[in-house]
Amino acid sequence: MNKKAPEAHNTNAPSLLRSLWLGTCARYTLLCLILLVTSSIAADSLTLTYVDSVRFFLLLPFGFCLTLAAMTRRSATLSTGAKCALHPLITLGGFYVFCYLPYQLRTKPSGMQILIILLLVIILYATVMAIYAAAVSKRNRKKAEETPYESQFSKS
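Residues numbered from 1 in each chain as written. Predicted model: local features only at pLDDT ≥ 70, side-chain atom pairs only at ≥ 80, totals over all residues. Heavy atoms only, no water.

### Digging into the overall build of the protein chain
Next, step 1: Broken down by element type, the protein chain carries five helices and zero strands.
Next, step 2: The burial tally for the protein chain puts 22% of its 156 residues in the buried class.
Next, step 3: Sequence separation of 24 or more characterises 66% of the internal contacts of the protein chain that already satisfy a separation of 6 or more.
Next, step 4: Counting every atom, the protein chain has about 11,600 Å² of accessible surface; 69% of that belongs to carbon and sulfur. (Helix = DSSP H or I, 4+ residues; strand = E, 2+ residues; numbered from the N terminus. Buried < 20%, exposed > 50% of the residue type's maximum accessible area, 1.4 Å probe, protein only. Contact = heavy atoms within 4.5 Å. Areas by Shrake-Rupley, 256 points an atom, 1.4 Å probe, with all protein chains shown as cover.)

Given below as structure tokens:
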């Protein structure tokens, strides 16, 4: 019995652009909702000065970066090392350029504050990715246990 290898994602350009667009829109919507909810909960002067229309527009390229990072992670053509290097680079780079840098330019924090915030973001990223990796590993292990063994060397 010949089994086809599972296809990762359709790699033609229209399908790739469509999934990139839909993923960006979904992440942008989620990020805007998070920003609105957190700003309504913490209605202090710092939060209100941080939330303005420019911040909402900067969430769109950040959502694009998150979608691109997710597509990189699921890519069948990239090596594991490239995936492990590109995913945090795109995610954390997008966060810094589109979320933290505009805030940093406006408030002019000290070097120690910048370092602490960036370290906290890296720790948060590492924690989320560790939980994600554990869940995917558990799912793959369960799937492998449920799949019956078929000898590759038997003559049929």
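### Describing the packing of aromatic side chains
Next, step 1: The final tally for this structure, using the stated rule, is three aromatic pairs.
Next, step 2: Centroid distance F62 to F95: 6.3 Å. Interplanar angle 65°. Geometry classified as edge-to-face. Here the residue F62 occupies a position in helix α3 (residues 53-74), and F95 occupies one in helix α4 (residues 80-107), the gap between them amounting to 33 residues.
Next, step 3: Judged by centre distance (6.1 Å) and plane angle (45°), the rings of Y96 and Y100 are tilted. Of the two residues, Y96 and Y100 both sit in helix α4, four residues apart, roughly one turn of that helix. (Phe/Tyr/Trp six-rings, centres within 6.5 Å; stacked < 30°, edge-to-face > 60°.)

### Here's the deal with helix α1 (residues 13-41)
Next, step 1: For α1, spanning 29 residues, the distance from its first C-alpha to its last is 42 Å, which sits close to the expected 42 Å at 1.5 Å a residue.
Next, step 2: Those residues of α1 lying buried are L20, G23, T24, L31, C32, L35 and S39.
Next, step 3: Two to three positions downstream of the cap, the backbone nitrogen of S15 sits 3.3 Å from a side-chain oxygen, assigning the N-cap of α1 to N12. (Expected span 1.5 Å × (residues − 1). Polar contact = N/O pair within 3.5 Å; in protein donor to acceptor, adjacent residues only side chain to side chain.)

### Points about a nonpolar patch on the surface
Next, step 1: The grouping of M112, L115, I116, L119, L120, I122 and I123 at the surface amounts to a nonpolar patch, some 680 Å² of accessible area in total.
Next, step 2: Of the residues examined, L115 reaches a relative accessible area of 47% and is grouped as partly exposed. (Patch = residues over 30% accessible without salt bridge, like charges linked within 9 Å, V, L, I, M, F, W, Y side chains within 5 Å. Salt bridge = Lys/Arg side-chain N within 4 Å of Asp/Glu carboxyl O.)

### What about the nonpolar core?
Next, step 1: Formed by L31, C32, L35, F56, L59, F62 and C99, the largest nonpolar core amounts to seven residues.
Next, step 2: Breaking this core down by element, the ones donating at least two residues are α1 and α3. (Core = buried A, V, L, I, M, F, W, Y, C linked by side-chain atoms within 4.5 Å.)

### Notes on the side chain of H87
Next, step 1: Tracing the backbone shows H87 in helix α4.
Next, step 2: Those residues in contact with H87 that sit more than four places away from it in its chain are A69, A70, R73, Y125 and M129.

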